[in-house]
Amino acid sequence: MPAGTLYRGREGMWSWVAHRVTGVLIFFFLFVHVLDTALVRVSPEAYDEVVATYKTPLVALLEYGLVAAILFHALNGLRIVAVDFWAKGPRHQKTMLWTVLGIWIVLMVGALYPVLGHAVREVFGS
Amino acid sequence: MSAETSSSSAISDVEGVSLYDVDHPAPVIEPPRKRTGKTPKGSRTNFEMYAWLFMRLSGIVLVVLVIGHLLIQLVLDGGVSKIGFAFVAGRWASPFWQVWDLAMLWLAMLHGANGLRTVINDYAERDNTRFWLKMLLYTATVFTVLLGTLVIFTFDPNIR
């Protein structure tokens, strides 16, 4: 491939890509999540059995990933709304993306203990 | 206006004498996307504009609903460890949380379905592939929304 012919966008394009990827992942989880919740109409045992898998360390890690995807999609979604409806939005889109990522990191650090704490205790004992 | 422009406007200076005036108007050029009787049915409405607007409005509401949901289910009061049939029964005893979950289900499913519709339209190039992928998407969406709604409305804490 000749150098310089492949379009590599900057913040705008990569946030668009990340928004798509996280959106699709969240949507697929949503299907599964409605199905597992529907088990409350089958029996308390069936529901509790499936929910037990949500409490295992491996799935807890996946939940942390889900939280990461949802928080990015939510914060970047608000940025998109600002770009579309706020007159100065397009001019500040890069600043807003870095703000989104900053808030995202803070929230992800905050979610570490609540989401993964029980998994760490289970794996390493105590 | 035309009397003035024909003699002194910048256009006349650059391009010579104008061919058009009040008595000889320039031909009207149809807007390229004007809707006519031949416009395909699918593009005669403002559907795409409303879909675009819906994504923004539902998105703002979903930020509140979903982050609240995550706080309750994964963070507060022991996080995921407390979840079980009894916890669900306790929450759905209140109409407030029933409405919360119902709104979240409908908005999230429609928001996600429209998002995936866009993704399919972007990447599935063959007409047939695109059509069937969207049929699959719509079927799965209707099924899931109806199932979830039925579960919320017919929930029975004394099922056993």
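Scoring rules and cut-offs
- Residues numbered from 1 in each chain as written.
- Chains lettered and ligands numbered in written order.
- Predicted model: local features only at pLDDT ≥ 70, side-chain atom pairs only at ≥ 80, totals over all residues.
- Heavy atoms only, no water.
- UniProt positions renumbered as here; feature names shortened; annotations may be inferred.
- Helix = DSSP H or I, 4+ residues; strand = E, 2+ residues; numbered from the N terminus.
- Expected span 1.5 Å × (residues − 1).
- Bend = angle between axes of the 7 residues up to and from the residue.
- Contact = heavy atoms within 4.5 Å.
- Buried area = accessible area lost by both parts, 1.4 Å probe.
- Salt bridge = Lys/Arg side-chain N within 4 Å of Asp/Glu carboxyl O.
- Polar contact = N/O pair within 3.5 Å; in protein donor to acceptor, adjacent residues only side chain to side chain.
- Nonpolar A, V, L, I, M, F, W, Y, C, P; charged D, E, K, R; others polar.
- Core = buried A, V, L, I, M, F, W, Y, C linked by side-chain atoms within 4.5 Å.
- Buried < 20%, exposed > 50% of the residue type's maximum accessible area, 1.4 Å probe, protein only.

An unreviewed UniProt entry annotates chain B as Succinate dehydrogenase hydrophobic membrane anchor subunit originating from Streptomyces halstedii. Word for word, the UniProt comment on chain B under Subcellular location (unreviewed entry) is "Membrane".

The name given to chain A in an unreviewed UniProt entry is Succinate dehydrogenase, cytochrome b556 subunit, and the organism recorded there is Streptomyces halstedii. Its UniProt record gives chain A a comment under Sequence similarities (unreviewed entry), which states: "Belongs to the cytochrome b560 family." If you open the UniProt record of chain A and go to Cofactor (unreviewed entry), you find "heme".

Caption draft 1: Spatial organisation of the UniProt feature "transmembrane region" (unreviewed entry) in chain B. All names here are of chain B. In the numbering adopted here, UniProt assigns the feature "transmembrane region" (unreviewed entry) to residues 53-76, 96-114 and 135-155. Strand forms 0% of residues 53-76 and helix 96%; the C-alpha atoms that close the span are 33 Å apart. Annotated as residues 96-114, this span is 100% helix and 0% strand, and its ends, taken at the C-alpha atoms, are 27 Å apart.

Caption draft 2: The arrangement of helix 3 (residues 47-75) of chain B in detail. All names here are of chain B. For helix 3, with 29 residues, the first-to-last C-alpha span of 39 Å sits near the 42 Å given by 1.5 Å per residue. The sharpest bend along helix 3 comes to roughly 30°, located at L62. Two residues or fewer past helix 3, D77 is found with a positive phi of approximately 55°.

Caption draft 3: Representation of the interface of chain B and chain A. Taken together, the contact between chain B and chain A spans 42 residues of the former and 37 residues of the latter. Roughly 3,200 Å² is buried in total at the junction of chain B and chain A, and carbon and sulfur atoms are behind 77% of that figure. At the surface where chain B touches chain A, the tally comes to two salt bridges. There are seven residue pairs in polar contact (both at pLDDT 80 or more) connecting chain B and chain A. For the side of chain B that touches chain A, the class distribution of residues is 28 nonpolar, 10 polar and four charged.

Caption draft 4: Structural view of the nonpolar core. Ranked by internal contacts, the top residues of the largest apolar core, which has 46 residues, are F27(A), V40(A), Y47(A), V67(A), W92(B), M109(B) and F155(B). Counting residues per element, the ones that place at least two in this core are helix 1 (11-38), helix 2 (44-54), helix 3 (57-85) and helix 4 (93-124) of chain A together with helix 3, helix 4 (85-92), helix 5 (95-123) and helix 6 (127-154) of chain B. The biggest single contributor to this core is helix 5 of chain B, with eight residues. In this view, W92(B) contacts T37(A), V40(A), W97(B), Q98(B), D101(B), V151(B), I152(B) and F155(B); residues no more than four positions away in its chain are not counted.

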